[in-house]
Number of protein chains: 4
Amino acid sequence: MKLWGTRFTKTTDSLVHQFNASLSFDVRLYDEDIRGSMAWARGLSRAGVLTQDEAREIIAGLEAVLSELATDAFVFDPADEDIHTAVERRLTELVGPVGGKLHTGRSRNDQVTTALRLYLLREIASLRGSLVQLQVAIVDKAAAHLDIIMPGYTHLQQAQPVLFGHWLMSFFWRFQRDWDRLAEAARRTSALPLGAGALAGNPLGVDRHALAVDLGFATVMENSVDAVCDRDYVVDLIAWASLLQMHLSSLAEDIIIWSSSEFGFVQVDDAYATGSSLMPQKRNPDSLELIRGKSGRIVGHLAGTLTTLKGLPSTYNKDLQEDKEALFDTLDTVALELPIAAGVIRTLKVDRARMAAALDDSMLATDLADYLVRRKVPFRQSHRLVGRVVRRAEELQVQLRELDLAEYQAIHPGFAQDLYAVLDFQRSVESRDARGGTAAAAVRIQIEQARMILEDSMSGAV
Amino acid sequence: MKLWGTRFTKTTDSLVHQFNASLSFDVRLYDEDIRGSMAWARGLSRAGVLTQDEAREIIAGLEAVLSELATDAFVFDPADEDIHTAVERRLTELVGPVGGKLHTGRSRNDQVTTALRLYLLREIASLRGSLVQLQVAIVDKAAAHLDIIMPGYTHLQQAQPVLFGHWLMSFFWRFQRDWDRLAEAARRTSALPLGAGALAGNPLGVDRHALAVDLGFATVMENSVDAVCDRDYVVDLIAWASLLQMHLSSLAEDIIIWSSSEFGFVQVDDAYATGSSLMPQKRNPDSLELIRGKSGRIVGHLAGTLTTLKGLPSTYNKDLQEDKEALFDTLDTVALELPIAAGVIRTLKVDRARMAAALDDSMLATDLADYLVRRKVPFRQSHRLVGRVVRRAEELQVQLRELDLAEYQAIHPGFAQDLYAVLDFQRSVESRDARGGTAAAAVRIQIEQARMILEDSMSGAV
Amino acid sequence: MKLWGTRFTKTTDSLVHQFNASLSFDVRLYDEDIRGSMAWARGLSRAGVLTQDEAREIIAGLEAVLSELATDAFVFDPADEDIHTAVERRLTELVGPVGGKLHTGRSRNDQVTTALRLYLLREIASLRGSLVQLQVAIVDKAAAHLDIIMPGYTHLQQAQPVLFGHWLMSFFWRFQRDWDRLAEAARRTSALPLGAGALAGNPLGVDRHALAVDLGFATVMENSVDAVCDRDYVVDLIAWASLLQMHLSSLAEDIIIWSSSEFGFVQVDDAYATGSSLMPQKRNPDSLELIRGKSGRIVGHLAGTLTTLKGLPSTYNKDLQEDKEALFDTLDTVALELPIAAGVIRTLKVDRARMAAALDDSMLATDLADYLVRRKVPFRQSHRLVGRVVRRAEELQVQLRELDLAEYQAIHPGFAQDLYAVLDFQRSVESRDARGGTAAAAVRIQIEQARMILEDSMSGAV
Amino acid sequence: MKLWGTRFTKTTDSLVHQFNASLSFDVRLYDEDIRGSMAWARGLSRAGVLTQDEAREIIAGLEAVLSELATDAFVFDPADEDIHTAVERRLTELVGPVGGKLHTGRSRNDQVTTALRLYLLREIASLRGSLVQLQVAIVDKAAAHLDIIMPGYTHLQQAQPVLFGHWLMSFFWRFQRDWDRLAEAARRTSALPLGAGALAGNPLGVDRHALAVDLGFATVMENSVDAVCDRDYVVDLIAWASLLQMHLSSLAEDIIIWSSSEFGFVQVDDAYATGSSLMPQKRNPDSLELIRGKSGRIVGHLAGTLTTLKGLPSTYNKDLQEDKEALFDTLDTVALELPIAAGVIRTLKVDRARMAAALDDSMLATDLADYLVRRKVPFRQSHRLVGRVVRRAEELQVQLRELDLAEYQAIHPGFAQDLYAVLDFQRSVESRDARGGTAAAAVRIQIEQARMILEDSMSGAV
């Protein structure tokens, strides 16, 4: 039974049926579709379009359909092209002709986007929980490893020593921005399109504010044309996930590189690694490689959804049916990744000794330059002088602390015996104690702040 | 003069110099670079790293450099690989060795992203103004055309009559979401990275909160590693522009189609159209086609920037130099498009007669179904019955209002003489008077709301 | 049973199992995986690694597994993480320990990409058939409508009259380029990776050329490191599909616009259109809107796959598992679209009368300019003069042919009575008879060429 | 002077002029534009539209314009909106009214795409040269380092030993596929659109085959509608560059990781590295990071160009003006990268000792499994047994060769004293001597093949 079929003289080509059908992926909207329909029935009743008895009958029927779907007792019909058709078909089977009154003044156009928004709001709530759990894992791990110094890199070259916990906390803040963005996405999603009809609005006096309250939407969409074609909220979510992926892929890249036997700084727990079918000695950080790789999938969904939207005329065009699979796959992907990333962090073994062994004196070059600065040598000059020191140490194949004072003084007379005190990784780290720096005291402040933020997040206060 | 060159034994390959150089595009950051440096000099002075005299000298020197740049008197050196190097080189020429003290405790990594954020904040302020002007053009045009009925389309097929002003106002709300998103992007951009050094933070006790206040940032970035590699704000802006493009391209598509001689609903003013080199009769809506076409450019910048960021290790990697051109081109593109779109709307000629002539009775089918609903026929049944009516009219090649009552009654006895009263476009439009609908009263409410929102926007209250 | 599990001390996290598992989508490779394994068993036998009996046993076992899979009798195990593991697990159940010899000298890395290439080659063969059928539909339709003149557009503004068949044939050539590109993609896919092992090659003296012949590959990949990480062929195919989508989306856009009641040039057959749930009169060209919309999906897969590949280290990384879903979805999408597009073309109703009625004299302006050129007025001048003619006709609200000769001569004395003969659409079309032009004679040549090309395509001669 | 301006009553908005103008980027087409115009003049002359004298005059004028442009003597006019307008304007200034005859029967639509194709063909020829030089650098470097063994990685975990030259040659083959694809792109670009007019073809009997021969095109585009809107060749080139970037970014990633002090396998020459403004000891592989980062730019251009093309109606739309900047930037980027990549390879210092020191016995696990296979243990079983061996060695913290025979035999009795002979990296490498493997003999064959291919490439035989 096609709901729109009467006027047509030919049956739809069977390939076309397959092409148009969205049931295979929109079935997951059943709960939200039915909740939307119940609210609509109540709205029609309030407007006097349905009697209270009719509304009650319809709502009872919808509850029965919901229960069938929730218990897998629902039998789909080959002609059910989408979940909305299937639900309405079944409703009418259950309650008879009164079921045919439910769609009064409503259109698939406003119905579908309402269900999709409701679904997304639920998913966002769940994602926020997963995101917080990842942040908690980060903060806990950082707090537990505040005394481990490792090489900090820029351009993947050793640059300056930093605390492992400081590196890790850098991800807390990235994910905190993701948290903020997700809250904004939620806010924009929470606007009710229902009552927009096909495109022109509602002629039955249905109170859309009451509908919004009933369904838990924060606001009502103020223009019916916009209401049926707006997919900003879909793009918002996928764009959010794309940035999240950037953060996750960067975290993955760091840990993958550090898991190599050449770095050897960390070991991914067996639960998050896999072996090789040919090489039994391998411990491959597959989880992290997949997380990194799935960035492509999400960026692709973003580019794809935008490409689909580009240049569409106003109101509903069938092209918009393409919004769902990209969104659903994005949600599914992220929902799986977040707890896996949290698990990787939680169980990560940190090899303090390998980190310590990797520290090279040349990473203290900046500290040495600052030493000269304190002796009134302008930074640019001291920077150049220390460059010469580093080159001299390379020539002699010694570490900076092994270079004779005479060598230092040959380069600049400002160097004195106390320069060797500067050549200390712990001291270097501790000296960077301004807000946001790597000194343990500064990282502890970060962690305290983070804990307060997480408390707010978990209490729903934000 | 390469600032980092001392230790190197060979000169850089000349192609490599060209490859690395960013001066051609980052020169536009000169004002923000210099303002950032002045603030840094004051910060160093407050921390006791510079004497007050040194800071004064440096700031005076920077003012001189700024003035040279602002008046095109600045002479670039072939070795100036970026604007930051150029400014510092010139500063030292002007003030001597003390200029070499400016970079103390600072790194290109925190310096560049600080300047870029400042620049972006200025650009955002300007874009907000342009966006508001476009919204004003929309509201004014809609208000002035509240009595024009046109066909509303879904799937580019005539669906239901709507007011031209209602269609137009749908774009107001899309652009209002863009306004909101831009405010959020601004908020996230307004976080100070300066003081993060290369990656590990600041060892000189520079007060970063005071720096933030000095430069007008709302907050301080809480982790130095994050501070130097965060480019979320670049992605935020390009993602914002991508959604804006979706709205603009949809507006363009509508008007391009309506400008065809077959539709003939509107005429783009000559100021926004061009002719053909071969066909003198043409009036091509080039401005709109370019606006539509430039969507690709922006979506490309978004996909490209994300691809660049994917899988980068933490902290600064040279890949990040790729952030600027995409961002700048996005800003330039949008800055040109917004006033052009506003101009197109402001000067658009609306052909009331062609719109009226295009209205086909079949667009009143829904109203006819609602007529039966009011006679207690369930909507699904009435929908099917009206389908038969439409097909019958097609067979007889008459409009719905020309179809005999007997024909109607043969299809359903509920039809009576008063059905013809329903077949009226004005009545159809006016019936959709619920919030967000196309009735003139409902559109007037939209316009009032919009005007209040715009007042807030313009007063900076948001 | 994890094939790589021995050394691990913990079981994999269950979310991680789900995250790593690819069975849900790679199950479709079962036939190619088994054919690859049979060839490998023969190769090991030729190299003396397996006895002939062992090879026979293994191949018989693989045949049994194949038959189980082909008849849906195969029972999957929850631990089967991909189709390759499942097949090998079942093989060993069926034939005992000898099954454990199959994987000698082979790795998942070379095994999986071999199966994927075989699968893709089969799909390509099928796509070529569908593409030819679409081209046939185009040529047949064009040949049957060679006498219909319609407005030709640039910028969606009427430009010059063209034959409907000429417009349609323009798509033949676009799809012919797609045909060429697909042949190239096939050629590059037909290179054997098997025998590359995990990354370093084969230590057992397996003859890879014989393997290639056995499996029907045209060549052997010449470097084992390249063999295991090359996914160019995946990108090739998706890039091919992206360009195909550009052509399909353009075809769709043309027909969607022409199906509007304002244009009314064509009617999409009911088999390829759908109705509206709320508006019974609608005939929405959904098939074409979906084809247009699915362009986003494919472009997204392209951008996504490239993003995934960006910056990967050499050889196999788990990120590469992300290649399959995008590829499979691309193949499925295109396989559905091509016959639908062919069906739309084949059944498209062309409204000759509406096309004729839409022709406006201003489209003959170029012909009028050419008239002056033949009277020795330089084109640039004649172009300007005709511009004035068109404006004068607009002022007087007459068609060009209704404009008095005196008016013409007031603009340029070169105009004479015979100018009115130029104002004829048929004549205009027929005058463009150079190769590739719209004159019926020229279009007939196109059609003849096309038919010869299609004959070659269908005979497999290309 | 706007060439199309006569009929317009208002002047174009100045922002719109800036928006439409393409001179800033299409000026680089001047040579091809003029060559195309000369050929057109000859074509018009052959068709009798121009006298031989007129053609001569026009061609002489064009030569003068060309010379002005080539010597920077050309003075642009603020009204020159693109290079084509500028050239024609100047031609008419130089030769008088006869210049106005050049554009007879031609349109910007066919003129511009002809010039762009010619330009691209020239650029492709140059890119092919650069690509070959990169391949030569690879082959030479590989040939010179055939005796260096290094760890081969999968998942960035040590997997099996390989020759450095084998790793390097893997890139030869990737770039060889790029070479092939570039040849195909060239072939498709070499099709003449000129003579298609605005969209409908040529009414003057101009011989398009003669035009093609004159301009060096291989074929003639067979349909005028297709000719003016086809941008497949633009996408082809950018898609080609995207795959090239994947190869370059993978090469860059390998070398960047290997340049870290923890790996220390290679050192990028100072000519291709840069220092740090704050940390004087740094040697950052900037060139490679930029190459990797620029992948985003190119993928963005690809996604963007496709997005622009999506859903465009047939024939020319102004959106197509957006094709050029993405293409030009792609060409410029690649033209700079290829010689830089070649230089990096040519000058790369390979640290044989660090590579040797990094080799871990566990990489010989597969060889050990193969040892058992030769003793008739099925591979799957031997794989598991060796897994136990590796774990045992880890427990005892010894290398495989240090593990007592008794320990081996406790795991499987098939192990005998000769197992220690297997634990040899050289032997492991040499055993993989089948086609495409890492044995020196096999790599030498690769290199010979490569040299033959390069000879063909350089002789233009392909």
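Here is what the cut-offs are and how they apply
- Residues numbered from 1 in each chain as written.
- Chains lettered and ligands numbered in written order.
- Predicted model: local features only at pLDDT ≥ 70, side-chain atom pairs only at ≥ 80, totals over all residues.
- Heavy atoms only, no water.
- Helix = DSSP H or I, 4+ residues; strand = E, 2+ residues; numbered from the N terminus.
- Buried < 20%, exposed > 50% of the residue type's maximum accessible area, 1.4 Å probe, protein only.
- Contact = heavy atoms within 4.5 Å.
- Least-squares fit on C-alpha atoms with pLDDT ≥ 70 in both.
- Expected span 1.5 Å × (residues − 1).
- Domains from an automatic or database assignment.
- Buried area = accessible area lost by both parts, 1.4 Å probe.
- Salt bridge = Lys/Arg side-chain N within 4 Å of Asp/Glu carboxyl O.
- Polar contact = N/O pair within 3.5 Å; in protein donor to acceptor, adjacent residues only side chain to side chain.
- Nonpolar A, V, L, I, M, F, W, Y, C, P; charged D, E, K, R; others polar.
- Axes fitted to C-alpha atoms, helices over the stretch in contact; angles between N-to-C directions.
- Parallel < 35°, antiparallel > 145°, perpendicular 65-115°, else oblique.
- Left-handed = near helix turned anticlockwise from the far one by under 90°.

Description of the side chain of D286 of chain D
Consideration 1: With respect to the secondary-structure elements, D286 of chain D resides in helix 11 (residues 286–309).
Consideration 2: On the basis of relative accessibility, which here comes to 3%, the residue D286 of chain D falls in the buried class.
Consideration 3: If we ignore the near neighbours within four places in the chain, the residues touching D286 of chain D are H155 of chain A, N20 and K318 of chain B together with Y272, A273 and T274 of chain D.

A closer look at the relation of the copies chain D and chain C
Consideration 1: For the pair chain D and chain C, the best superposition has an RMSD of 0.0 Å and corresponds to a rotation of 180° with a translation of 0.0 Å parallel to the axis. The relationship between the two copies is best expressed as a two-fold rotation axis. Within chain D, the C-alpha atom positioned nearest to the axis of rotation is that of A303 of chain D, 3.1 Å from it.

Topic: unusual backbone geometry
Consideration 1: Its identity is not glycine, yet T315 of chain B carries a phi of approximately 65°, on the positive side.
Consideration 2: The residue T315 of chain B is located in the loop between helix 11 (286–309) and helix 12 (323–347) in this model.
Consideration 3: Its identity as a non-glycine residue notwithstanding, D72 of chain D has a phi of 60°, on the positive side.
Consideration 4: Secondary-structure assignment places D72 of chain D in the loop between helix 4 (52–70) and helix 5 (83–95).

As for helix 4 of chain D
All names here are of chain D.
Consideration 1: Counted at 1.5 Å a residue, the expected span for helix 4 with its 19 residues is 27 Å, and the 26 Å between its end C-alpha atoms agrees.
Consideration 2: Within the sequence span of helix 4, burial applies to E54, A55, I58, I59, G61, L62, V65, L66, E68 and L69.
Consideration 3: Within two residues after helix 4, D72 carries a phi angle of roughly 60°, on the positive side.

Structural notes on the domain arrangement of chain A
All names here are of chain A.
Consideration 1: Segmentation of chain A into domains returns domain 1 (14–104), domain 2 (109–146 + 155–358) and domain 3 (361–431).
Consideration 2: Contact between domain 2 and domain 3 buries roughly 550 Å² in total, counting both sides, with carbon and sulfur atoms accounting for 67%.
Consideration 3: Taken as a group, Q158, Q160 and P161 account for 72% of the area that domain 2 buries against domain 3, more than any other trio of residues on that side.
Consideration 4: Where domain 2 touches domain 3, the interface holds zero salt bridges.
Consideration 5: Applying the counting criterion to the domain 2 and domain 3 interface returns one residue pair in polar contact (both at pLDDT 80 or more).
Consideration 6: Residues belonging to the side of domain 2 that touches domain 3 are distributed by class as follows: four nonpolar, two polar and no charged.

Considering the environment of A143 of chain A
Consideration 1: Mapped onto the fold, A143 of chain A is located in helix 6 (residues 108–144).
Consideration 2: Discounting residues that sit within four places of it in the chain, A143 of chain A has contacts with I447 and R451 of chain A.

Things to note about the packing of helix 7 (residues 164–189) of chain C against helix 19 (residues 440–459) of chain C
Residues and elements named next belong to chain C.
Consideration 1: It is at 11 Å that the axes of helix 7 and helix 19 come closest, and there the two elements cross at 30°. Between helix 7 and helix 19, the interaxial angle falls into the category roughly parallel. You can see that helix 7 and helix 19 cross each other, and the crossing is left-handed. Between helix 7, through G165, H166, M169, F172, W173, Q176 and W179, and helix 19, the contact on the second element is made entirely by V443, Q446, I447, Q449, A450, I453, L454 and S457.
Consideration 2: Here the contact of helix 7 with helix 19 is composed, by residue class, of nine nonpolar, six polar and no charged.

Observations concerning the environment of L244 of chain B
Residue and element names in this part refer to chain B.
Consideration 1: Structurally, L244 can be placed in helix 10 (residues 232–259).
Consideration 2: Taking the C-alpha atoms as reference, L244 lies 35 Å from A198; in sequence the two are 46 residues apart.
Consideration 3: The contacts of L244, once residues within four sequence positions are left out, are L131, F175, D178, V334 and L338.

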